[in-house]
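# Geometric and topological summary
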Amino acid sequence: MPEEANEDAMRTPATPEKANNSERPAAAVVNIPLVNEVQLTAATGGAELSCYRCTVPFGVVVLIAGIVVTAVAYSFNSHGSTISYFGLVLLSAGLVLLASSVVCWRLRLERKKERRRESQTTLVANQRSIFT
């Protein structure tokens, strides 16, 4: 049954002038191309590899919103209410986003250092082979 729904979603109805009342209109099949990593990188300019750059602004905005909502909730002595829980959720989500951006940033730095070490090792090995 799900296959039939998926097939129907990928077809466009034929022109209504050819279809009769008793006949089901013919459908044209539309091919949806698959996108690989190279095409995605070309389309986004490599932005998919910079997660920490995206999560920092969102994390800061969510953290500020969480601080404000929590402050408003507790200023009205509404401990345990929905708004206080919502503020705490926003606050923790902002902290999680900021922590994840720090983790992504550190992983990226480690990979960059590792690539530099590999390239230096290759250069030194090539230099030794030239002089021997």
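Scoring rules and cut-offs
Residues numbered from 1 in each chain as written. Predicted model: local features only at pLDDT ≥ 70, side-chain atom pairs only at ≥ 80, totals over all residues. Heavy atoms only, no water. Helix = DSSP H or I, 4+ residues; strand = E, 2+ residues; numbered from the N terminus. Buried < 20%, exposed > 50% of the residue type's maximum accessible area, 1.4 Å probe, protein only. Contact = heavy atoms within 4.5 Å. Areas by Shrake-Rupley, 256 points an atom, 1.4 Å probe, with all protein chains shown as cover. pLDDT = per-residue confidence, 0-100. Patch = residues over 30% accessible without salt bridge, like charges linked within 9 Å, V, L, I, M, F, W, Y side chains within 5 Å. Salt bridge = Lys/Arg side-chain N within 4 Å of Asp/Glu carboxyl O.

The next point concerns the overall build of the chain. A tally of helices and strands in the chain yields four helices and two strands. Secondary structure elements of the chain, listed N to C terminal, follow the sequence α-β-β-α-α-α. Here the chain holds 132 residues, and 11% of them are scored as buried. The long-range share in the chain, meaning contacts at least 24 apart out of those at least 6 apart in sequence, stands at 48%. For the chain, the accessible surface area stands at approximately 11000 Å², while carbon and sulfur atoms represent 64% of it.

Tracing the chain through its elements places Ser84 in helix α4 (residues 82-131). The residues touching Ser84, leaving out its near neighbours within four places in the chain, are Ala73, Tyr74, Ser78 and His79.

Before going further, it helps to examine the confidence of the model for the chain. Residues with a pLDDT of 70 or more make up 69% of the chain, whose mean pLDDT is 76. Mean pLDDT values for the elements of the chain range from 51 in helix α1 (residues 2-9) up to 87 in helix α3 (residues 51-75).

A few words now on a nonpolar patch on the surface. A contiguous nonpolar surface patch, about 600 Å² in accessible area, is contributed by Val56, Val60, Ile64, Val68, Val72, Phe76 and Ile83. It is α3 that provides the largest number of residues to the nonpolar patch, a total of five residues. Structurally, the position occupied by Val68 is in helix α3.

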